[in-house]
Amino acid sequence: MNLAHRLRSFMLPVAFLALVPTLACADAVWQTRPYEVVIAIDTTASGLTPLQRERLAEEVVQRVRNRLPGFWRVHAAEDDATPIDKRFDVTVLASGSGYHITAYEHDETLASPGDEVTASAADAADLAERVFTAALATFRPIALLTRDPNDAGRVTLEYRAAERAPESGVGVAAPGTLLLPYRRKLDREGQVLSSEPIPWTYLIAQPAPEEGEVAAKVISHTRRPFVARTGGRVEQLAMAAPIDPSRRTRLRLHAHDNPATPLPGYEVNIAPPGESALRSLGLTGDDGTVLLPAGGEVWMAHVRCGSIAVASIPVAAGIAEAVDVPLVDERSRLRAELEVTSLREELIDTVARRKILGERIRRLAEAESFDAAKALLSEFDALPGMSDFTRRLDSVQRGAKAPHPMAKARLEKLFEQTRAVVSTSLDARESRELSILIDRARQAASARVPESSTSSPTEPATQGG
């Protein structure tokens, strides 16, 4: 088969069968083995002649060989003998001012699609360079990661084909670049069973030293997101994740057991990783979302539902249009907490009024103003008592339903603590004790004989003789 025929066979179709990726850890030449790639160029709506399409494919492959020798190895679509690492899909459309190009990369190793990159070409002669540049712009390098045994916040990286990467630096993530860590599970034959991102964990590429290990900083919701050692059937990998600083990312909170159920009314605060000063993003709306700031930074998002902190997770602004956060649906507890908070505020007011009235009643009893003391005691008895607050608390509890065990436990704790506050704040015996105090003061006053009725009569003066 001649070169032109092979190029036509793999460059022009728009869809190919994804091939099984190779086992990275079993490959002893990870840093020297090139990326096996397929480049598919769809020129259906380009207006190019068959000869121009053929020439475009040839020139793109030639640029790969000249500029990325030993780093990318281009394969035909029907070459199913070699597992493919990266697939680049490029579309060329005719436009009024030339050609419009869209390109995106699909990583077959981690089954991860990348973001779209757009470009334009003024004429057909410029197409090959623009297509090659657009495909290269979508490329996301991959590295094996190893946890630093002495520093849980650091990992070392071994980039694929690093020893064959061009001097332009395309083979490694630039300092400050965000990388997403992945964990792959393999069967005994080295075939991939599953591949998924390690949740709520990001890596930030650090400047590469002149000599020594290439490293990345770890930002995660947990202290140890990576295992110290991986067996032959588990791989830990990282892939660069380009961020668009102008993209506004929405943080969307939803019920963990039903992604279609948004969680409104949750409070979200953010802070740079490692810092304590919080910046409020407000409450999630009816759609369960808040908008992260633009700028492409990684933030620690601290989420609260009422008085309880329910999550502290890192989120990268600009990495996607939306970041979904599955949480326990605690809206029932939140509603109950609002009612209980209102009840507690009323309880505090009632306790304060009872204390003031009790002091006034005692002073009036000491001053023997018994009728006034009795009037205040009637006012004291009219205030809500322990039975009133307990009855209202029972009503709130009956209306609070929480199917999830965690939310249910929090609800039970909320009501248990509130009952304890009610029982210790309101003493049902206090009214009776005040009434007895008034009666005893009245009896003591009645028992005392007026001084005028107990003194002896004045004796007449003795006459002198």
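Since the structure is predicted, the reported quantities are computational estimates derived from the model, not experimental observations. (Residues numbered from 1 in each chain as written. Predicted model: local features only at pLDDT ≥ 70, side-chain atom pairs only at ≥ 80, totals over all residues. Heavy atoms only, no water.)

Quick word on the packing of aromatic side chains
Consideration 1: Overall, the coordinates contain 5 aromatic pairs when judged by the stated rule.
Consideration 2: Ring geometry for Y35 versus F71: centroids 5.4 Å apart, planes at 75°, classification edge-to-face. You can see Y35 sitting in strand 1 (residues 35-42) and its partner F71 sitting in the loop between helix 2 (50-67) and strand 2 (72-74), a full 36 residues away along the chain.
Consideration 3: For Y35, a relative accessible area of 0% gives the class buried. (Phe/Tyr/Trp six-rings, centres within 6.5 Å; stacked < 30°, edge-to-face > 60°. Helix = DSSP H or I, 4+ residues; strand = E, 2+ residues; numbered from the N terminus. Buried < 20%, exposed > 50% of the residue type's maximum accessible area, 1.4 Å probe, protein only.)

Considerations on the packing of helix 4 (residues 331-366) against helix 8 (residues 430-447)
Consideration 1: One way to put it is that helix 4 packs onto helix 8 with a least axis distance of 9 Å and a crossing angle of 10°. Between helix 4 and helix 8, the angle falls in the class roughly parallel. At the point where helix 4 passes helix 8, the crossing takes the left-handed sense. Contacts between helix 4 and helix 8 involve R354, G358, I361, R362 and A365 on the former and, on the latter, E430, L434, L437, I438 and A441.
Consideration 2: When its residues are assigned to classes, the contact of helix 4 with helix 8 shows 6 nonpolar, 1 polar and 3 charged. (Axes fitted to C-alpha atoms, helices over the stretch in contact; angles between N-to-C directions. Parallel < 35°, antiparallel > 145°, perpendicular 65-115°, else oblique. Left-handed = near helix turned anticlockwise from the far one by under 90°. Contact = heavy atoms within 4.5 Å. Nonpolar A, V, L, I, M, F, W, Y, C, P; charged D, E, K, R; others polar.)

Notes on the environment of I348
Consideration 1: By the element assignment, I348 lies in helix 4.
Consideration 2: Given a relative accessible area of 60%, I348 falls into the exposed group.
Consideration 3: As a C-alpha pair, I348 and V422 span 74 residues in sequence and 9.6 Å in three-dimensional space.

Concerning the pattern of salt bridges
Consideration 1: Enumeration according to the criterion identifies 25 salt bridges in this entry.
Consideration 2: A salt bridge links E105 to R140; its shortest N-O distance comes to 2.6 Å. Taken together, the residues span a long stretch of sequence, with E105 in strand 4 (residues 98-107) and R140 in the loop between helix 3 (127-138) and strand 7 (142-147) at a distance of 35 residues.
Consideration 3: Between E346 and R392 there is a salt bridge; the shortest N-O distance is 2.9 Å. (Salt bridge = Lys/Arg side-chain N within 4 Å of Asp/Glu carboxyl O.)

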